[in-house]
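Now for the letters of each chain:
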Amino acid sequence: MILWTPMLPEQVLQGLDDNVYPNYEAGEVAGIPVLLEKVENGQKRVVRINSTDPAHFLKQEVYPGLLT
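None of the values given here were measured: they were computed from a predicted structure. (Residues numbered from 1 in each chain as written. Predicted model: local features only at pLDDT ≥ 70, side-chain atom pairs only at ≥ 80, totals over all residues. Heavy atoms only, no water.)

**A few points about the sheet that holds strand E1 (residues 24-29)**
On the basis of which strands lie adjacent, the open sheet formed by 3 strands has the order E1-E2-E3 and antiparallel pairing. Of all the strands in the sheet, just E1 and strand E3 (44-49) have a single pairing partner and so form its edges. Adjacent strand axes in the sheet meet at a mean angle of 45 degrees when their direction is disregarded. Bridge analysis of strand E2 (residues 32-38) against E3 gives 5 bridges, and the strand direction is antiparallel. Bridge assignment links Val34 to a residue of E3, and that residue is Ile49. (Pairing = 2+ DSSP bridges. Helix = DSSP H or I, 4+ residues; strand = E, 2+ residues; numbered from the N terminus. Axes fitted to C-alpha atoms, helices over the stretch in contact; angles between N-to-C directions.)

**Comments concerning a nonpolar patch on the surface**
Taken together, the side chains of Leu3, Met7, Val12, Leu13 and Leu16 present a nonpolar region at the surface, about 460 Å² in accessible area. Residue class for Leu13 comes out exposed when judged on its relative accessible area of 52%. (Patch = residues over 30% accessible without salt bridge, like charges linked within 9 Å, V, L, I, M, F, W, Y side chains within 5 Å. Areas by Shrake-Rupley, 256 points an atom, 1.4 Å probe, with all protein chains shown as cover. Salt bridge = Lys/Arg side-chain N within 4 Å of Asp/Glu carboxyl O. Buried < 20%, exposed > 50% of the residue type's maximum accessible area, 1.4 Å probe, protein only.)

**Looking at the pairing of E1**
Pairing geometry for E1 and E2, over 6 bridges, is antiparallel. Along E2, the bridge assignment pairs Glu28 with Pro33.

**Description of the side chain of Ser51**
Counting through the fold element by element, Ser51 comes out in the segment after E3. In terms of polar contacts, Ser51 uses its side chain to reach the backbone amide nitrogen of Asp53, at 3.1 Å. There is a polar contact of 2.6 Å between the side chain of Ser51 and the side chain of His56. Among residues more than four places away in sequence, those in contact with Ser51 are Pro33, His56 and Phe57. (Polar contact = N/O pair within 3.5 Å; in protein donor to acceptor, adjacent residues only side chain to side chain. Contact = heavy atoms within 4.5 Å.)

Here it is, written out as structure tokens:
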């Protein structure tokens, strides 16, 4: 990507290193592959269902936002 700007690179990139990235890991819930985010108290939250099986998205046991 090329960024054409009259501003100094220091001004454009200011604060870029201050981003906080979530701590994600792959896992399974009820046999369904999911992407998990570590949250406080040692719990994990389902961020995304990583499956190609449409039936997995219809199961009520697993959904984004579920704390495990």
